[in-house]
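# Chains, contacts and geometry: an overview
These are the residues of each chain, in order.
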Amino acid sequence: MLPPANIITIIASISVSLCSLYIITSSRRRSTKVKTLTGNKRKSNGVVGAIGNTPLIRINSLSDATGCEILAKAEFLNPGGSVKDRVAVKIIEEALESGQLLKGGVVTEGSAGSTAISLATVAPAYGCKCHVVIPDDAAIEKSEILEALGATVERVRPVSITHKDHFVNIARRRALEANKLTLQSMNQTETKNVTNTNGYLLEKEYKGGFFADQFENLANYRAHYEGTGPEIWEQTGGKLHAFVAAAGTGGTVAGVSRYLKENDPGIKCYLVDPPGSGLYNKVTRGVMYTKEEAEGKRLKNPFDTITEGIGINRLTENFKMAQLDGAFKGTDIEAVEMSRFLLKNDGLFVGSSSSMNCVGAVRLARLLGPGHTIVTILCDSGMRHLSKFCNPEYLSQHGLTPSAKALEFLDRR
């Protein structure tokens, strides 16, 4: 017996309503997801707007070799060529907002290269200038890039951070001098340039100086907590098991580790540390210690290594924010071998810190076992490492000529 027509009509109406509800709900879910994925994108135009939201790429050779998904943030694709672009923007924006830096002012920084290059790249976008103090053992092309970008560059001899002429301490002084000379020039009746006692020109149009202080300025940490960390979380859909990176200032490993663990406490976060750095022992033993110093073999600076920009022998305010589960040691030859392995097998031409991060990724993959997703950072490309890390003659002089055919170099101890 067929059901009455009115019952059929009711059933049809309910079916249409349920379908409509499903479509609306699905649409809202998709809309929410899109909003989440784009929520961290910078609204600015120009070079600043192009910073961040870098691709998360699979490193095929390392993934296939370990049975893990090893993914890396391609930070070398930022406009200034490195992960430090994020930090430069955050430091300058916060300084302008707080009034510590004025448009037309000069940003000073002591840097082994990448942060300096990023500051010199983005400072003009904010109407500011850049004065950089760099150790003279850093790759010469970094100084050449800085000069080409219009920054004032001082190359100084490497000394301990406790020395008044450490490159960071000199940069701090340059900011103070800029402020002092700007005040003096305001009292002068004639418009002219004034020069500090070291002969570095500080123009009258400079409206004071601001020391970026990347090691202690928590804007560094916030750049990664608010940017890099959320991007990794979104790009993986929250489905990752571990993160690993080296530390110099500590901002990247701190910001990313803290953000990821707040979203999933089960995510393991690890440090990989180069020779001469005390961070490995700080993480694993609770004591800042490195055998190079204890055995009376202190090098010309506490982290004299082929890997520029990472490794340190003091606790920075940024590193203190990190939430780490453990640490690995890396060596110079491992970083060199890894860089050649990635170039040959993946077409990735990366710098020394990126290579060390990949050493850490493989060590972490072996620790966790197959089936895990691990994320690391490709900090910069090999383009600013040509005279040292990518120079066969330089490497030969330091006993670092690569010879491995595969990943067997990670088994040497």
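A short tour of the structure in this document, coming up. (Residues numbered from 1 in each chain as written. Predicted model: local features only at pLDDT ≥ 70, side-chain atom pairs only at ≥ 80, totals over all residues. Heavy atoms only, no water.)

### Some points on the overall build of the protein
On a plain count of helices and strands, the protein comes out with 14 helices and twelve strands. Scored against the burial criterion, the 413 residues of the protein give a buried share of 51%. Pairs at least 24 apart in sequence give 72% of the contacts found in the protein among residues at least 6 apart. A total accessible area of about 18,800 Å² is found for the protein, and carbon and sulfur atoms account for 55% of it. (Helix = DSSP H or I, 4+ residues; strand = E, 2+ residues; numbered from the N terminus. Buried < 20%, exposed > 50% of the residue type's maximum accessible area, 1.4 Å probe, protein only. Contact = heavy atoms within 4.5 Å. Areas by Shrake-Rupley, 256 points an atom, 1.4 Å probe, with all protein chains shown as cover.)

### A word on the nonpolar core
With 36 residues, the main nonpolar core has Ile 59, Leu 62, Met 338, Leu 342 and Ile 374 as its most contacted residues. Secondary structure elements with two or more residues in this core: β2 (69-74), β9 (242-245), β10 (268-273), α12 (332-346), α13 (352-368) and β12 (373-378). In terms of residue count, the dominant contributor to this core is α13 (seven residues). Setting aside residues no more than four positions away along its own chain, Leu 62 makes contact with Ile 70, Met 338, Phe 341, Leu 342, Cys 358, Val 362 and Leu 407. Counting 33 residues, the second-largest nonpolar core is a separate cluster that includes Val 83, Phe 319, Val 375 and Cys 379. (Core = buried A, V, L, I, M, F, W, Y, C linked by side-chain atoms within 4.5 Å.)

### Some thoughts on the sheet that holds strand β4 (residues 129-135)
Spatially, β5-β4-β3-β8 is the arrangement adopted by the four strands of the open sheet, whose pairing is parallel. Taken across any chain shown, the strands that pair with only one partner, and hence form the sheet edges, are β5 (152-156) and β8 (209-211). Between one strand axis and the next, the sheet turns by 20° as a mean value, whatever way the strands run. Both strand β3 (residues 106-110) and β8 contribute to a ladder of three bridges, which runs parallel. Within the sheet, the bridge partner assigned to Val 107 lies in β8 and is Phe 210. Across the face of the sheet, helix α6 (residues 140-148) comes into contact with β4 and β5 while running at roughly 160° to β5. (Pairing = 2+ DSSP bridges. Axes fitted to C-alpha atoms, helices over the stretch in contact; angles between N-to-C directions.)

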